[in-house]
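The residues making up each chain are set out below.
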Amino acid sequence: MSYTTQMDAARQGIVTEEMKVVAEKENIDVKELMSLMAKGQVIIPANKNHKCLSPNGIGSKLRTKINVNLGTSRDCVDLNMELEKVNNAVAMGAEAIMDLSSFGDTQKFRRKLTSECPAIIGTVPIYDAVVYYHKALKDITTQEWLDIVEMHAKDGVDFMTIHCGINKATAKRFKDAKRLTNIVSRGGSIIFAWMEMTGNENPFYEHYDWILDICRKYDVTMSLGDACRPGCIADASDISQIEELVTLGELTKRAWEKDVQVMVEGPGHMPLNQIKANMEVQQAMCKGAPFYVLGPLVTDIAPGYDHITAAIGGAIAATYGASFLCYVTPAEHLRLPDVNDVKEGIIASKIAAHAADIAKGVPGARDWDDNMGQARKELDWEKTFEYSIDPEKARNYRKAYESYLLAKDALELNREEYVNELSKDLLWVKLHIDSFCYSAELEDYYSCYLATDEFSRAFVNSEFRLAVANIIISLHHGRTDEAKRSLAIAKEICEPHYRGKLHSILAKHKYYESLNATPESITFVKSIQI
């Protein structure tokens, strides 16, 4: 028997390899899974050209999944950095990666993802068209917009966000109903601007059936983008958002008629008291199609902490119907995320997803928490670390605390004043180091301190030891200017007969090599003359 899409197979009663994998991962009977897929309530995004995919299901009765947005831009074209983010995200358990590249050789990066990455891969073709054609927005033709969709499908992406819901009618409604933040969706704003410039209908709405034929051919899941999602809580649940959702419900039905898998994208900013109702409205209008939400962010006042505001909203949204959470990082609204921002965003989203799975009674969700409870009861630290959502951070916090206790115990012993002062100095440095992160290299460096009288003699008082500790930490993290300021402080308070000690100690132990300091930091260390 043959089939075109995973939905087509489910409707024919064909059990695909992808269904077998998902059923095992979710601990669900494959027949029940097929029934949900046939109704459109579960999807398995799996492009026929994504050969290295480890399939995952998204939708009703399954674990809540998370997506990580990455990609190159004018401000960051470092492919290696983006690939590091991808690998870290997959290692941390992200089920999907969305490539939002909008600068450079986007196809090269996209093809690398679909040839090497086992996660579900999604894209936004609208972003790519602006880069690919190298022409003014108003000069891009309807056919060129459609050709980009087919190119992404051929490249192996598993789902595409396509902003089909904003058409001439909804655009007019949007212009009549004034908003505080207008259109904040990048894809939505691009296609809205194109429609205004050309006077043409949204090509993705006008030629929706053609797009469905492409999705059916390659088994690409349609992710119906919400061009009118609210960008602040003042705009939440307004007429523009709801009218577009009505259109997305109609488009969902049309996709199912062609056996194309669909998920629907949802709001960005929304107060807590509106989330449950919004989830229920989406489920009703879109007949149970999986809901993919960005956040929602439950307050607008927390730049730098929006991974937290999004996790709060995400947990509630997933409890009441959302199946797929798009992560938000601390850098949201401020800048592009770095590797650490990506980690913080993933952890926050995973917590939200897991909390919702417990609330929904997803089979097996509570097992993780029960195992942690048992480990805590038995004071088993290794098991506690193992069951932590971020084992590395949990272990580092505990390691720093244990180091503090050891140093504290040493201070309480009846020793000579010289030894007591040494312990205090080392404690300051150790706690400074552990407040950033613990590593074997830093532990070795610390052990070197313990064995070196020369080092202890250089720490003449508390102000000096703090300045030196800050120099060490600043250089470790490549913050040369901060290190220079701390060095100036150290110079002012250093006794004349100690001049030269700090440089000789740091150079002797070659700390900049073991800590992989930047070339600029190494040059700075070699220039120290106190």
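Computed from a prediction, not measured in an experiment: that's the story for all the values here. (Residues numbered from 1 in each chain as written. Predicted model: local features only at pLDDT ≥ 70, side-chain atom pairs only at ≥ 80, totals over all residues. Heavy atoms only, no water.)

A. Highlighting the overall build of the chain. Along the chain, the regular secondary structure elements total 26 helices and 10 strands. Going through the 530 residues of the chain one by one, you find that 53% of them count as buried. Considering only contacts within the chain whose residues lie at least 6 apart along the sequence, 71% involve residues at least 24 apart. Carbon and sulfur atoms provide 52% of the accessible area of the chain, an area that totals close to 23,600 Å². (Helix = DSSP H or I, 4+ residues; strand = E, 2+ residues; numbered from the N terminus. Buried < 20%, exposed > 50% of the residue type's maximum accessible area, 1.4 Å probe, protein only. Contact = heavy atoms within 4.5 Å. Areas by Shrake-Rupley, 256 points an atom, 1.4 Å probe, with all protein chains shown as cover.)

B. Spotlight on the pairing of strand β6 (residues 159-162). Judged by which residues are buried, β6 turns out to be covered on both faces: Phe159 and Thr161 on one side and Met160 and Ile162 on the other are all buried. Bridging between strand β5 (residues 120-123) and β6 involves two bridges; their strand directions are parallel. Looking at the pairing, Thr123 lines up with Met160 of β6. In this structure, β6 lies alongside strand β7 (residues 221-224), joined through four bridges in parallel fashion. Bridging across to β7, Phe159 finds its partner in Thr221. (Pairing = 2+ DSSP bridges.)

C. Here's a closer look at the pattern of salt bridges. Under the definition given, this model contains 29 salt bridges. Notably, a salt bridge pairs Glu32 with Lys61, separated by 3.1 Å at the nearest N-O pair. Of this pair, Glu32 sits in helix α3 (residues 30-38) while Lys61 sits in the loop between β2 (58-59) and β3 (65-70); the two residues are 29 residues apart in sequence, bridging distant segments of the chain. Lys61 sits in the exposed class, given a relative accessible area of 53%. When the shortest N-O distance is used, the salt bridge between Lys172 and Asp176 registers 3.0 Å. One end of the pair is Lys172 and the other is Asp176, both in helix α8 (residues 168-176) and four residues apart, which spans about a single turn. For the pair Lys172 and Asp176, a shared accessibility class is recorded, and that class is exposed. Linked by salt bridges that have partners in common, Glu26, Arg63, Lys65 and Glu95 make up one network. (Salt bridge = Lys/Arg side-chain N within 4 Å of Asp/Glu carboxyl O.)

D. Spatial organisation of the side chain of Thr247. With respect to the element layout, Thr247 can be found in helix α12 (residues 239-257). Beyond its immediate sequence surroundings of up to four residues, Thr247 is in contact with Gly165, Asn167, Thr170 and Tyr205.

E. Focus on the pairing of strand β9 (residues 291-294). Burial along β9 is two-sided: Phe291 and Val293 facing one way and Tyr292 and Leu294 facing the other are all buried. In terms of strand pairing, strand β8 (residues 262-266) meets β9 through three bridges, oriented parallel. Counted as the bridge partner of Val264 is Phe291 from β9. Taken together, β8, helix α13 (residues 272-285) and β9 form a β-α-β motif whose crossover is right-handed. Sheet analysis places β9 next to strand β10 (residues 324-326), joined by three bridges and oriented parallel. Residue pairing across strands places Leu294 opposite Cys326, the latter belonging to β10. In this fold, β9 hands off to helix α14 (residues 306-319), which returns the chain to β10; that crossover is right-handed. (Right-handed = clockwise from strand over helix to strand, strands pointing away.)

F. Layout of the layout of surface pockets. Here the largest pocket defines a volume of roughly 1,300 Å³. Taken together, 46 residues make up the lining of the largest pocket; nearest its centre are Asn69, Leu100, Tyr127, Arg186 and Glu332. Breaking the lining of the largest pocket down by element, the ones donating at least two residues are β3, α4 (79-91), α6 (125-132), α9 (186-198), β8 and β9. (1 Å grid on protein atoms, 1.4 Å probe; cavity = no way out; pocket = protein on both sides within 12 Å on 5 of 7 lines; lining within 4 Å. Points joined across faces, edges and corners; volume = space filled by probe spheres on them.)

G. The confidence of the model for the chain, seen in detail. Averaged over all residues, the pLDDT of the chain equals 84, while 77% of them reach at least 70. The low-confidence segment residues 414-425, where pLDDT is below 50, has 16 contacts with residues more than four positions distant or belonging to other chains. (pLDDT = per-residue confidence, 0-100.)

H. A look at empty space enclosed by the protein. In total, this model carries three cavities of 30 Å³ or more according to the counting rule given. Roughly 100 Å³ of volume is contained in the largest cavity. Along its surface, the largest cavity is lined by Asp226, Cys228, Arg229, Gln241, Glu244, Leu245, Leu248, Glu265, Gly266, Pro267, Asn278 and Phe291. Of all the elements in the fold, those that place two or more residues in the lining of the largest cavity are α12 and β8. With four residues, the single largest contributor to the lining of the largest cavity is α12. Split by residue class, the lining of the largest cavity holds five nonpolar, three polar and four charged. (Nonpolar A, V, L, I, M, F, W, Y, C, P; charged D, E, K, R; others polar.)

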